[in-house]
Amino acid sequence: MLLGGAGLVVCITFVWFSAPDLALTQLLVEVVTTVLLVLGLRWLPKRMDQPGATGVEVVTISRRLRDLAIAITAGLGMAALAFAVMTRTPPELLAQHFLARAYTEGGGTNVVNVILVDFRAFDTLGEIFVLGAVALTVFALLRRFRPAPDSLDVPEQQRDQSAWDEARPDRREGDTVADWLLVPSVLTRLLFPVICILAVHLLLRGHDQPGGGFAAGLAASIAIILQYMIGGAAWTEERLRVLPLRWMGAGLLLAGGVGLASIFFGMPFLTTYFAYAELPWIGRVPTASALIFDIGVFALVVGATVLMLIALAHQSVRGHRAERRAETAPRALVPGED
């Protein structure tokens, strides 16, 4: 939560310095990463002090003081470095170069997006490759991961609700949770197509206005994450098949294919093309090959985020299976018991 708060402060800083594109991306990143981190923390082993152990409190205090000292040192060091960079004026700013050539050579008025998909598109291509590799690594590690035994128990609040439902003849287990989450679940499912339309809007306007493939991919991922949070993994996957590996593969093929296409026209790798097209009943519309590259970024971000979400969400399914196996397993007889 503190990391998310720090990210929101960075987002406000971007707004303060008139960088809405960066602020939008930062806000979406904080939403997705906070949810995924909380889901991951859910399955970590609980910290419990053993009764009768000596020196546990001393060790805990010393470790916390050590971590506090490291955090303060690192924070002050990064603050001093950022202050030195922002207060030092270089002899020639690269910003003027990009501002002067963003529209004439890249065909877009959103300089940030033009830098990502045109001037430094090779860096962006490498970054989405890294994002895909990270998602595959997380999925591979969590595929064989089994939650700690002390984290398999149903939360205490849910146990109390289930006990209350079972004690009443006119209710079934889970009715209380369904009643409490009825309004949020309805709103979340109604908002799913709205958020998807917003993602498409951010994708198509990113070359000239705040948005782009990365922000659009995060927005679409948030729509899917909300369905998992409200409906659960089983309910969501019965009604929504995302197939994240195909999304990731399609994104890499689109992004790499745009770069290879320029070679067939005798241009360097990842050279983009910009022109205006006359469409019937619409008129003159700007078209850029960088949009296809941005669509590839969008597809890979959606696939990578959903793949990590599925790897984390399926731990709850495994936890319930382990709990049911423990309940149905035959109990060993105690000596002297019939």
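Residues numbered from 1 in each chain as written. Predicted model: local features only at pLDDT ≥ 70, side-chain atom pairs only at ≥ 80, totals over all residues. Heavy atoms only, no water.

Novice: What exactly am I supposed to notice about the overall build of the chain here?
Specialist: Within the chain one finds twelve helices and two strands. Going from the N terminus to the C terminus, the chain shows its helices and strands as α-α-α-α-α-α-α-α-α-α-α-β-β-α. Across the 338 residues of the chain, 30% fall into the buried class. Here the analysis covers contacts within the chain between residues at least 6 apart in sequence; of these, 68% occur between residues at least 24 apart. When the accessible surface of the chain is summed, it comes to about 22,400 Å², and 68% of that surface belongs to carbon and sulfur atoms. (Helix = DSSP H or I, 4+ residues; strand = E, 2+ residues; numbered from the N terminus. Buried < 20%, exposed > 50% of the residue type's maximum accessible area, 1.4 Å probe, protein only. Contact = heavy atoms within 4.5 Å. Areas by Shrake-Rupley, 256 points an atom, 1.4 Å probe, with all protein chains shown as cover.)

Novice: In this structure, what is going on with the nonpolar core? I would like to understand it.
Specialist: If you look at soluble globular proteins, the nonpolar side chains tend to sit buried side by side. One finds I224, Y228, F293 and F298 to be the most contacted residues of the largest nonpolar core, which totals 39 residues. When residues of this core are traced back to their parent elements, those giving at least two are α2 (20-41), α6 (121-143), α9 (182-205), α10 (213-239), α11 (244-264) and α12 (290-328). The dominant element in this core, judged by the number of residues it contributes, is α12, at 13 residues. In this structure, Y228 is in contact with A233, T236, E237, L309, I310 and A313, ignoring residues within four places of it in sequence. (Core = buried A, V, L, I, M, F, W, Y, C linked by side-chain atoms within 4.5 Å.)

Novice: Would you mind going over the environment of S262 with me for this structure?
Specialist: Relative to the assigned elements, S262 resides in helix α11. Residue S262 is classed as buried on the basis of its relative accessible area of 6%. In this structure, the C-alpha to C-alpha distance between S262 and Y273, residues eleven residues apart in sequence, is 8.6 Å. Among all residues touching S262, those that are not within four sequence positions of it are M267, P268, F269, L270 and T271.

Novice: When you look at the side chain of T25 in this model, what are you seeing that I'm missing?
Specialist: Here T25 lies in helix α2. A relative accessible area of 17% places T25 in the buried class. Filtering out sequence-adjacent residues up to four positions away, T25 remains in contact with F214, A215 and L218.

Novice: Looking at this model, I keep getting lost on the side chain of E30. Mind explaining?
Specialist: Structurally, E30 can be placed in helix α2. Lacking a salt bridge, the buried E30 has R205 as its closest oppositely charged neighbour, with an N-O distance of 20 Å. For E30, the contacting residues outside a window of four places in its chain are L3, G4, G7 and L8. (Lys, Arg positive; Asp, Glu negative; His and termini not counted. Salt bridge = Lys/Arg side-chain N within 4 Å of Asp/Glu carboxyl O.)

Novice: What is the right way to look at the packing of aromatic side chains in this model?
Specialist: In this description, a pair of aromatic rings is defined by centroid distance and the angle of the planes. Summed over the entire model, instances satisfying the criterion amount to four aromatic pairs. Where Y103 meets F274, the ring centres are 6.1 Å apart and the plane angle is 65 degrees; that geometry is what we call edge-to-face. Residue Y103 is found in helix α4 (residues 94-106), and its partner F274 is found in strand β1 (residues 274-279); the two are separated by 171 residues along the sequence. Residue class for Y103 comes out partly exposed when judged on its relative accessible area of 39%. Of note, R189 hangs over the ring of W235, and the distance from its end group to the ring centre comes to 4.1 Å. (Phe/Tyr/Trp six-rings, centres within 6.5 Å; stacked < 30°, edge-to-face > 60°. Lys NZ or Arg CZ within 6 Å of the ring centre and 35° of its normal.)

Novice: Hey, could you run me through a nonpolar patch on the surface in this one?
Specialist: Together, F122, L260, I263, F264, F265, M267 and F269 give the surface a local cluster of nonpolar side chains, amounting to about 850 Å² of exposed area. Take the nonpolar patch: its biggest share by element is three residues, from α11. Structurally, L260 is set in helix α11. Residue L260 is classed as partly exposed on the basis of its relative accessible area of 46%. (Patch = residues over 30% accessible without salt bridge, like charges linked within 9 Å, V, L, I, M, F, W, Y side chains within 5 Å.)

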